[in-house]
Amino acid sequence: MKIALDPTPFHHSHSLLEFPRLAADLGYEWLQLTPHADFIPFFNHPKADDDLVQAFKKACTDVGVGVASVLPVLRWSGPDEDAREAAVRYWKRAIEITVELGVDTMNTEFNGRPELAEQSERAFYRSMEELVPTIEKEGIRVLIDPHPDDFVEDGLAALRVIRGINSKNFGFVYVASHTFHYGNSPLEIMRAAGDKLGLVHVSDTMDHTASHGLRYITNPPGNAVRVHQHLKIGDGDVNWSEFFGGLKEIGFLDRADTVMVSSVFAEDETAAATAIYQREVMTDSIA
């Protein structure tokens, strides 16, 4: 299993090519590449040309840091057909970049709209018809998180959608910060996912359903909002014994192809110290 750093908290303090050195200085051997304005930005065409890809690859080699996964977030389930078609084109370039980096794992979100779930699911499978042949040909593994506000948010429902792709190149991402949107059943979801669970994001969050739904109050009542945080381990309500115990039970910790990512976004003022803390707690919890 690879333990990786999500460099999102450092996007405004470091350049793209500084990320590998940063990860090494913080004690990480692996990076997860999340949406970045100079690489694969949110919802738009990738901005990295072949020269930048090679420069980033060299920066990784120079410090002995690898890229564990590439994470694009694109509207491949968008109920708007023009946006969906564009997302497929962007995905094809993102796959090219991933292959050029020598990486075999991508992770992403379902996207789409929860209030248009049926239309979004149709759009998702339409995109799969176009992308699955390329993904299988290139030997890329694509792992998907049912992110809060996607067309599918429940963990078990998401596994059914992934199973419907009917490709062994697709699997599941468990984001600990999304636990209370997944249905708050980590062990049940992990057992159901089995070997399809290939990547986890490790960060804490408060249970927005606590106090009979009044932990967070929005006005007017009934707003269609999704609330979660990406806090450091121990600052929220995630049951970490169940989380790490579940990963051990299903063999996730012993597989060579799995990735565990520190993805704390709420601690920018102490980002470096938080990244070190996360790495140490993850390592201790695994042991």
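Residues numbered from 1 in each chain as written. Predicted model: local features only at pLDDT ≥ 70, side-chain atom pairs only at ≥ 80, totals over all residues. Heavy atoms only, no water.

### What to know about the overall build of the protein chain
Logical step 1: Secondary structure assignment for the protein chain yields ten helices and eight strands.
Logical step 2: Relative to its length of 287 residues, the protein chain is compact, with a C-alpha radius of gyration of 18 Å against a globular reference of 19 Å.
Logical step 3: When the backbone C-alpha atoms are referred to their principal axes, the protein chain occupies close to 50 × 45 × 40 Å.
Logical step 4: In the protein chain, the proportion of contacts linking residues at least 24 apart, taken out of those at least 6 apart, comes to 80%.
Logical step 5: Surface accessibility of the protein chain: about 12500 Å² in total, with carbon and sulfur atoms responsible for 49%.
Logical step 6: Computing the positive centroid from 26 side-chain charges and the negative centroid from 44, the protein chain places the two 4 Å apart. (Helix = DSSP H or I, 4+ residues; strand = E, 2+ residues; numbered from the N terminus. Rg over C-alpha atoms; globule rule 2.2 N^0.38 Å. Contact = heavy atoms within 4.5 Å. Areas by Shrake-Rupley, 256 points an atom, 1.4 Å probe, with all protein chains shown as cover. Lys, Arg positive; Asp, Glu negative; His and termini not counted. Charge placed at Lys NZ, Arg CZ, Asp CG, Glu CD.)

### What about the packing of helix H7 (residues 186-193) against helix H9 (residues 240-249)?
Logical step 1: Closest axis-to-axis distance for the H7/H9 pair is 9 Å, and the angle between their directions is 20 degrees. It follows that H7 is roughly parallel to H9 by the angle criterion. Of the two possible hands of crossing, H7 and H9 adopt the one that is right-handed. Listed contacts from H9 to Pro186, Leu187, Met190 and Arg191 of H7 are Glu242, Phe243, Gly246, Leu247 and Glu249.
Logical step 2: Considering only residue class, the contact of H7 with H9 consists of five nonpolar, one polar and three charged. (Axes fitted to C-alpha atoms, helices over the stretch in contact; angles between N-to-C directions. Parallel < 35°, antiparallel > 145°, perpendicular 65-115°, else oblique. Left-handed = near helix turned anticlockwise from the far one by under 90°. Nonpolar A, V, L, I, M, F, W, Y, C, P; charged D, E, K, R; others polar.)

### With respect to the pairing of strand E3 (residues 66-70)
Logical step 1: By the criterion of burial, E3 is predominantly enclosed, with five of the five residues buried.
Logical step 2: In terms of strand pairing, strand E2 (residues 30-33) meets E3 through four bridges, oriented parallel. From the neighbouring strand, leucine 33 faces E3, where its bridge partner is valine 70.
Logical step 3: Following the backbone out of E2, through helix H2 (residues 50-63) and into the adjacent parallel E3, one traces a crossover that is right-handed. (Buried < 20%, exposed > 50% of the residue type's maximum accessible area, 1.4 Å probe, protein only. Pairing = 2+ DSSP bridges. Right-handed = clockwise from strand over helix to strand, strands pointing away.)

### Topic: the side chain of serine 263
Logical step 1: The topology assignment puts serine 263 in the loop between strand E8 (259-262) and helix H10 (271-286).
Logical step 2: Residue class for serine 263 comes out buried when judged on its relative accessible area of 0%.
Logical step 3: Filtering out sequence-adjacent residues up to four positions away, serine 263 remains in contact with Asp6, His201, Val202, Ser203 and His230.

### Things to note about the nonpolar core
Logical step 1: Formed by 83 residues in total, the largest nonpolar core has its most connected members in Leu197, Phe243 and Leu247.
Logical step 2: For this core, the element with the most residues is helix H3 (residues 81-100), which contributes eight residues. (Core = buried A, V, L, I, M, F, W, Y, C linked by side-chain atoms within 4.5 Å.)

### Some details on the side chain of aspartate 145
Logical step 1: Mapped onto the elements, aspartate 145 comes out in strand E5 (residues 141-145).
Logical step 2: Buried and unpaired, aspartate 145 has arginine 226 as its nearest opposite-charge partner, separated by 12 Å.
Logical step 3: Of the polar contacts made by the side chain of aspartate 145, one reaches the side chain of histidine 178; its length is 3.2 Å.
Logical step 4: Within the structure, aspartate 145 has its side chain in polar contact with the side chain of tyrosine 182 (distance 2.4 Å).
Logical step 5: Ignoring sequence-local partners within four residues, the contact set of aspartate 145 consists of Thr108, Glu109, Phe110, Asp150, Val173, Val175, His178 and Tyr182. (Salt bridge = Lys/Arg side-chain N within 4 Å of Asp/Glu carboxyl O. Polar contact = N/O pair within 3.5 Å; in protein donor to acceptor, adjacent residues only side chain to side chain.)

### What about the environment of phenylalanine 265?
Logical step 1: Assignment of secondary structure puts phenylalanine 265 in the loop between E8 and H10.
Logical step 2: Separated by 33 residues in sequence, phenylalanine 265 and lysine 232 have C-alpha atoms that sit 8.6 Å apart.
Logical step 3: Beyond its immediate sequence surroundings of up to four residues, phenylalanine 265 is in contact with Asp6, Thr8, Pro9 and His230.

### Concerning the packing of aromatic side chains
Logical step 1: Scanning all chains against the criterion turns up 14 aromatic pairs.
Logical step 2: When the centroid spacing of 5.8 Å and the interplanar angle of 45 degrees are considered together, the rings of phenylalanine 42 and phenylalanine 43 count as tilted.
Logical step 3: Look at phenylalanine 42 and you get partly exposed, because its relative accessible area is 47%.
Logical step 4: Judged by centre distance (6.1 Å) and plane angle (55 degrees), the ring pair of phenylalanine 172 and tyrosine 182 falls under tilted. Of this pair, phenylalanine 172 sits in strand E6 (residues 170-175) while tyrosine 182 sits in helix H6 (residues 179-182), placing them ten residues apart in sequence.
Logical step 5: A relative accessible area of 1% means that tyrosine 182 is categorised as buried.
Logical step 6: Taken together, the ring pairs connect Trp76, Trp91, Phe110, Phe124, Tyr125 and Phe151 into an aromatic cluster.
Logical step 7: When the ring centre of phenylalanine 43 is taken as origin, the NZ or CZ atom of arginine 75, which lies over that ring, is 3.7 Å away.
Logical step 8: If you follow arginine 279 out to its NZ or CZ, it ends over the ring of tyrosine 28, 6.0 Å from the centre. (Phe/Tyr/Trp six-rings, centres within 6.5 Å; stacked < 30°, edge-to-face > 60°. Lys NZ or Arg CZ within 6 Å of the ring centre and 35° of its normal.)

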